[in-house]
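# Understanding the architecture of this molecule
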Amino acid sequence: MLERLVRAGVDVPISDTRRAGVAAAALARGAAIINDVSGLGDPAMVDVVAASEGGLVISHLRGEPATMQEDRVRGSLRRGRRGARARVEIAVRAGIDRSRIVVDPGIGGKDAEQSAALTLSAADLEAATGCPVLIGASRKSFLGALTGRPVEERREASVVAALAAAEAGAAVLRVHDVRATVEALRLVAELRAAYTRVRGEARA
């Protein structure tokens, strides 16, 4: 399927996998970025990506997907920074240039309060790792906990979370409602530009 999409000219840059073998096959078939949701749980992942020209998204995952939300860990932001830094250094030592790495704090793999805090953690994570940060808050369960809305009614909350993440320094946003999010980001940029122009005129 990936090969057919690439041949058709469809821009599909990311392969989402925890397994090095799947990543190798995806890169060979045209994937440009491997999104490793396990945070290098497969030790062979770094060598696979290093041997390619692809990028690597390193996500923070506590435990396994089935159990990752069971235990609340104190100091999760600090632990997350340390964990992200350690994983990035593993990738760099394997030969992956830091410019090819993006860090994902793993929103949704924590409890609601931790996920809410991580939505605004991009600047801290970038400072700790030297890598741009991806925030994927769209439709996550913590938004449901905060708003009381089921997943199919979290569009507005998802857009607000994306705006907040961008304001906090996120370089990449993973979203479901692409058009609404892009329009919101553009509107904020236009509002800022208008404010800057009017303020400059007032001072002239």
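All residue numbers refer to positions counted from 1 along the written sequence of the respective chain. Only residues with pLDDT of at least 70 get local features here, since the model is predicted, and only at 80 or more are side-chain atom pairs given and counted; chain-wide, interface and lining totals rely on the full set of residues. Side-chain measures here rest on the full set of heavy atoms in the structure, leaving out hydrogens and waters.

### A few points about the overall build of the protein chain
We count it as follows: In DSSP terms, a helix is any run of H or I states spanning at least four residues, a strand is any run of E spanning at least two, and both are numbered starting from the N terminus. Remark: exposure states derive from per-residue accessible area (1.4 Å probe, protein chains only) relative to the maximum for the residue type, with buried under 20%, exposed over 50%, and partly exposed in between. Residue contacts are defined here by distance: any two heavy atoms, one from each residue, within 4.5 Å place the two residues in contact. Note on areas: Shrake-Rupley with a 1.4 Å probe; residue coverage comes only from the protein chains shown.
Per the secondary structure count, the protein chain includes nine helices and six strands. Taken over 204 residues, the protein chain has a buried fraction of 39%. Within the protein chain, contacts between residues at least 6 apart in sequence are counted, and of these 57% link residues at least 24 apart. Looking at the protein chain as shown, the accessible area adds up to about 11500 Å², and 54% of this sits on carbon and sulfur atoms.

### As for the nonpolar core
To keep it simple, the criterion reads: What we call a nonpolar core is a set of buried Ala, Val, Leu, Ile, Met, Phe, Trp, Tyr and Cys residues that are connected through their side-chain atoms within 4.5 Å.
If you look at the biggest cluster of nonpolar residues, it comprises 31 residues, and the most contacted ones within it are Ile34, Leu56, Ile58, Ala91, Ile96, Ile101 and Ile135. Filtering out sequence-adjacent residues up to four positions away, isoleucine 96 remains in contact with Val46, Val49, Ala50, Leu56, Ala91 and Ile101.

### So, helix H8 (residues 155-167)
Every α-helical turn comprises 3.6 residues, leaving residues that sit three or four positions apart pointing alike. Selection rule: For a helix, the expected span equals 1.5 Å multiplied by the residue count minus one.
A rise of 1.5 Å per residue sets the reference length of H8, with its 13 residues, at 18 Å; its end C-alpha atoms lie 18 Å apart and thus fit the reference within 8%. What H8 keeps buried is the set Ala157, Ser158, Val159, Ala161, Ala162 and Ala165. Contacts made by the buried residues of H8 are with strand E5 (134-135), helix H7 (141-147), strand E6 (172-173) and helix H9 (178-203). Remark: glycine 169 follows H8 within two positions and exhibits a positive phi of approximately 110°.

### Describing the pattern of salt bridges
As a reminder of what qualifies: Definition used for salt bridges: Asp or Glu carboxyl oxygen within 4 Å of a side-chain nitrogen of Lys or Arg.
Across all of its chains, the model carries six salt bridges by this definition. A salt bridge links glutamate 89 to arginine 98, with the shortest nitrogen-to-oxygen separation between them at 3.0 Å. In this structure glutamate 89 comes out as partly exposed when scored by relative accessible area, which is 26%. Among the salt bridges present, the one from arginine 192 reaches glutamate 167, with a minimum N-O distance of 2.3 Å. One end of the pair, arginine 192, is in helix H9; the other, glutamate 167, is in helix H8, and 25 residues separate them in sequence.

### A short note on H9
With 26 residues, H9 should reach 38 Å at 1.5 Å per residue; the first-to-last C-alpha distance of 38 Å fits that figure. Of the residues making up H9, those classed as buried are Ala180, Thr181 and Ala184.

### Quick notes on the confidence of the model for the protein chain
Where we set the bar: Note: pLDDT gives the predictor's confidence per residue, expressed from 0 to 100.
Counting all residues, the mean pLDDT for the protein chain is 87, and 84% of those residues have values of 70 or more. Scored below 50 in pLDDT, residues 63-71 shows 11 contacts in the model against residues more than four places distant or in partner chains.

### Regarding unusual backbone geometry
Positive phi outside glycine occurs at leucine 40, with the angle close to 65°. Note that leucine 40 resides in the loop between strand E2 (33-36) and helix H3 (45-50). Assessed through its relative accessible area of 14%, leucine 40 is described here as buried. For arginine 139, which is not glycine, the phi torsion reads 65° and is therefore positive. Mapped onto the secondary structure, arginine 139 falls in the loop between E5 and H7. Assessed through its relative accessible area of 32%, arginine 139 is described here as partly exposed.

### Considerations on the packing of H8 against H9
The axes of two packed helices give the description: the angle between them and the distance between them. Spelled out, the test is: Convention adopted: a line fitted to C-alpha atoms gives each axis, helices being fitted over their contacting stretch, and angles between N-to-C directions are expressed from 0 to 180 degrees. Each angle is binned into one of four classes, with values under 35 degrees roughly parallel, values over 145 roughly antiparallel, values of 65 to 115 roughly perpendicular, and all other values oblique. Each crossing gets its handedness from the near helix: less than a right angle anticlockwise from the far helix is left-handed, clockwise is right-handed. For this classification, Asp, Glu, Lys and Arg are treated as charged, while Ala, Val, Leu, Ile, Met, Phe, Trp, Tyr, Cys and Pro are nonpolar and the rest, including Gly, are polar.
In contact at an axis separation of 9 Å, H8 and H9 are set at 50° when each is read in the N-to-C sense. By the angle between their axes, H8 is oblique relative to H9. Crossing angle aside, the handedness with which H8 passes H9 is right-handed. Seen from H8, the contacting residues are Arg155, Val159, Ala162, Leu163, Ala166 and Glu167; seen from H9, they are Ala180, Thr181, Ala184, Leu185, Val188 and Arg192. The class makeup of the residues in the contact of H8 with H9 is eight nonpolar, one polar and three charged.

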